[in-house]
Amino acid sequence: MRTQLRGAAIARAVCLVQLGILGISALLTAAIWGKPQAIAALYGGLVAVMSSAYFALHALIRSEGKAPAQVVGAFYRGEVGKFVLTAALFAIGAKLFAQEFLFLMSTFAVCQLVYWPALGMKL
């Protein structure tokens, strides 16, 4: 039986799973490689969570119950804002974590994998 969730519930689930992944990733990274790498991994996960939350807030939550044209516009604005936010946070991360950038990117990438199961949920 498939779970039927609406946009805001799916967005909340994605962000919560991403938070779990970033926590596990940071703990594993700290245990294996050390604190500086774990902080970079934590930052990478936070980039994913913050950009997902931004999109959810601007495209899904604020557009519920509005006209279709407004929903489409909200999705475009949300996606552009998410892209700009992600790029800005990566620019900051590249400066702060130049030596540990692989750990930042790895956690970000793993957090992005959460979207695949979410796409399987019915809206």
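In what follows, the structure referred to is the one given above.
Structural notes, computed from the coordinates. (Residues numbered from 1 in each chain as written. Predicted model: local features only at pLDDT ≥ 70, side-chain atom pairs only at ≥ 80, totals over all residues. Heavy atoms only, no water.)

**Quick look at the state of the cysteines**
Applied cut-off: Note on terminology: pairs of cysteine sulfur atoms within 2.5 Å are recorded as disulfides. Exposure classes here rest on a 1.4 Å probe applied to the protein chains alone. A residue is buried below 20% of its type maximum, exposed above 50%, and partly exposed in between.
In this structure the tally under the stated criterion is zero disulfides. Residue Cys15 stays outside any disulfide, its sulfur separated by 10 Å from that of Cys111, the closest cysteine. With relative accessibility at 13%, the residue Cys15 sits in the buried group. According to the relative accessible area criterion, Cys111 is buried, its value standing at 0%.

**A few points about the nonpolar core**
Rules: What is meant by a nonpolar core is a set of buried Ala, Val, Leu, Ile, Met, Phe, Trp, Tyr and Cys residues, joined one to another through side-chain atoms within 4.5 Å. Per the convention used, a helix needs a DSSP run of H or I reaching at least four residues, while a strand needs a run of E reaching at least two, with both numbered from the N terminus. Contacts between residues were defined by any pair of non-hydrogen atoms, one from each residue, lying within 4.5 Å.
Judged by nonpolar contacts, the single largest core of 14 residues is most densely connected at Ala40, Tyr43, Val47, Phe90, Phe97, Leu104 and Phe108. When contributions to this core are tallied by element, the ones reaching two or more residues are helix 2 (35-61), helix 3 (68-96) and helix 4 (101-112). Sequence-distant contacts of Ala40, that is, excluding residues within four places in its chain, are made with Phe97, Glu100, Phe103 and Leu104. Core analysis: the second largest hydrophobic core is formed by five residues, Phe55, Ala56, Ala59 and Leu60 among them.

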